[in-house]
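# Coordinate analysis (summary)
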Amino acid sequence: RGYGQLESGAQEPVLATSPFDAASLSKFVGATTILRVIDDPAHNMTLATSLQNVIDQGNNLSQLNIWRSYIETFPAAFGIPNTTVPANQITITRLLSHTASMEPWAQNTFTSWPGFEPSTALLLLGFDCDNGSCSFGNTVYYNPVLGQPGSQYRYSGGGFLVAEAMTEQIVG
């Protein structure tokens, strides 16, 4: 049984089957999973594992390489000309503690592709997929204006996506 209204001022009631966005509630699941992978000696991963360590283990077509290449090839699209992602400084610790200088870039235009299944790289590039269709929205990127990774706190849900993509590539 559900309680209340789906939206403030609306007449549609909340039902037991009403869907709700998980929002940031899933971050503790992602962080717990990452820490369990770190605890497993079968995986060569620590809190100090950097994005560069993981990229070096993959190939040019790995999800993280595709994403990083896009950010470095088109930095002016984010208002950050001549930017190189300091992949050796973006660590699991910094991603999980929101100190990796990562943030989403808000895109104002959305295009929908029904039935499209996203890859991790496409999610990092801002493809938002729900109910079998995808739209282009917010790209996760390194923002040097925020300072070097580790220098300051700035909430970054996208940083968690990068940490999850790194873990996914390590675990396979």
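First, a word on what this report is: a plain description of the structure on this page. Please read all numbers here as calculations on a predicted model, not as lab measurements.

Thresholds applied
- Residues numbered from 1 in each chain as written.
- Predicted model: local features only at pLDDT ≥ 70, side-chain atom pairs only at ≥ 80, totals over all residues.
- Heavy atoms only, no water.
- Helix = DSSP H or I, 4+ residues; strand = E, 2+ residues; numbered from the N terminus.
- Contact = heavy atoms within 4.5 Å.
- Expected span 1.5 Å × (residues − 1).
- Buried < 20%, exposed > 50% of the residue type's maximum accessible area, 1.4 Å probe, protein only.
- Arc of directions from axis to C-beta.

### A look at the side chain of His98
If you trace the backbone, His98 turns up in the loop between helix H4 (92-96) and strand S1 (102-105). Contacts of His98, omitting those with residues within four sequence positions, involve Gln152, Tyr153, Arg154, Tyr155, Ser156 and Phe160.

### Some points on helix H1 (residues 27-39)
For H1, which comprises 13 residues, the first-to-last C-alpha distance of 18 Å matches the rise-based estimate of 18 Å (1.5 Å per residue) to within 8%. Burial in H1 covers these residues: Lys27, Gly30, Ala31, Ile34, Val37 and Ile38. One side of H1 holds all its buried residues, which, seen down the axis, span an arc of 120°. More than 90 degrees from the buried face of H1, the exposed residues found are Phe28, Arg36 and Asp39. In the core, the buried residues of H1 are packed alongside H4 and helix H6 (157-171).

### A word on the environment of Val171
Its place among the elements puts Val171 in helix H6. Here Val171 falls in the partly exposed class, since its relative accessible area comes to 39%. Val171 has contacts with Val37 and His43, leaving out every residue within four places of it along the chain.

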